[in-house]
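The primary structure of each chain is shown beneath.
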Amino acid sequence: MNKDYDYYVNKAATYCAKGERCIYDVRENLKKSGADNNDIESIIEYLQEENYLNEQRYAIAYTKDKYRFDKWGRIKISYQLSGKRIASSVIQRALEEIDEEEYYSNLKNIIVSKIKDLKTTAPELDINEEAKIYRFCSSRGFESNLISRALKEIKKGEND
């Protein structure tokens, strides 16, 4: 092993130790740092062996963070993880970590908050306001069937 290789291993290990990372992020970070392509693959392999890098652990942490803090839905989370070249089976397992009741409750809270932003009440929503809410929730990555169901329940006054 050469001096540069050791330098990049330490750099990558430090990068991984600061927070959960995926292979894609580490690879891009090493490329920007100027590491040799052949070294990058062996560095990534080493980091996986030493458990600095774990795609499943990363996907679960990413899913929980984006869901809890950013209030993203499963579709957006899945899309973003796919963009980081995470395997679909890994993404699916991470999405299964989301509690269904909490997920639906969060969606309803987002809708109620959006209704307040529109300065109206649920029973008085017109078709354009409903469309705005629907688009907003869709842009957050929530499934259309859940948006429709939650909106109907809120309009009927069934919000908990």
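This is a predicted model, so every value here is computed, not measured.

Draft legend 1. Spatial organisation of unusual backbone geometry. One non-glycine residue with positive phi stands out, namely asparagine 51, at about 65°. Mapping asparagine 51 onto the fold places it in the loop between α3 (37-49) and α4 (55-68). In this structure, lysine 119 takes a positive phi of about 55° despite not being glycine. Locating lysine 119 in the fold gives a position in the loop between α7 (100-117) and α8 (127-139).

Draft legend 2. Representation of the confidence of the model for the protein chain. Across the protein chain, pLDDT averages 91, with 96% of residues at or above 70. Per-element confidence in the protein chain is highest for helix α5 (residues 74-83), whose mean pLDDT is 97, and lowest for helix α1 (residues 3-17), whose mean pLDDT is 89.

Draft legend 3. Broad picture of α8. Between the first and last C-alpha of α8 there are 18 Å, a value that for 13 residues agrees with the 18 Å anticipated at 1.5 Å per step. Among the residues of α8, those classed as buried are Glu129, Ile133 and Cys137. Down the axis of α8, the sector holding all buried residues measures 70°, keeping them to one side. Facing away from the buried side of α8 by over 90 degrees, the exposed positions are Ile127, Asn128 and Arg135. In this structure, the buried residues of α8 make contact with α7 and α9 (144-155). Backbone nitrogen of asparagine 128 and a side-chain oxygen of the N-cap are separated by 3.0 Å at the start of α8; the cap is aspartate 126. Glycine 141, located one to two residues past α8, shows a positive phi value of around 95°.

Cut-offs used in this document
- Residues numbered from 1 in each chain as written.
- Predicted model: local features only at pLDDT ≥ 70, side-chain atom pairs only at ≥ 80, totals over all residues.
- Heavy atoms only, no water.
- Helix = DSSP H or I, 4+ residues; strand = E, 2+ residues; numbered from the N terminus.
- pLDDT = per-residue confidence, 0-100.
- Expected span 1.5 Å × (residues − 1).
- Buried < 20%, exposed > 50% of the residue type's maximum accessible area, 1.4 Å probe, protein only.
- Arc of directions from axis to C-beta.
- Contact = heavy atoms within 4.5 Å.
- Polar contact = N/O pair within 3.5 Å; in protein donor to acceptor, adjacent residues only side chain to side chain.

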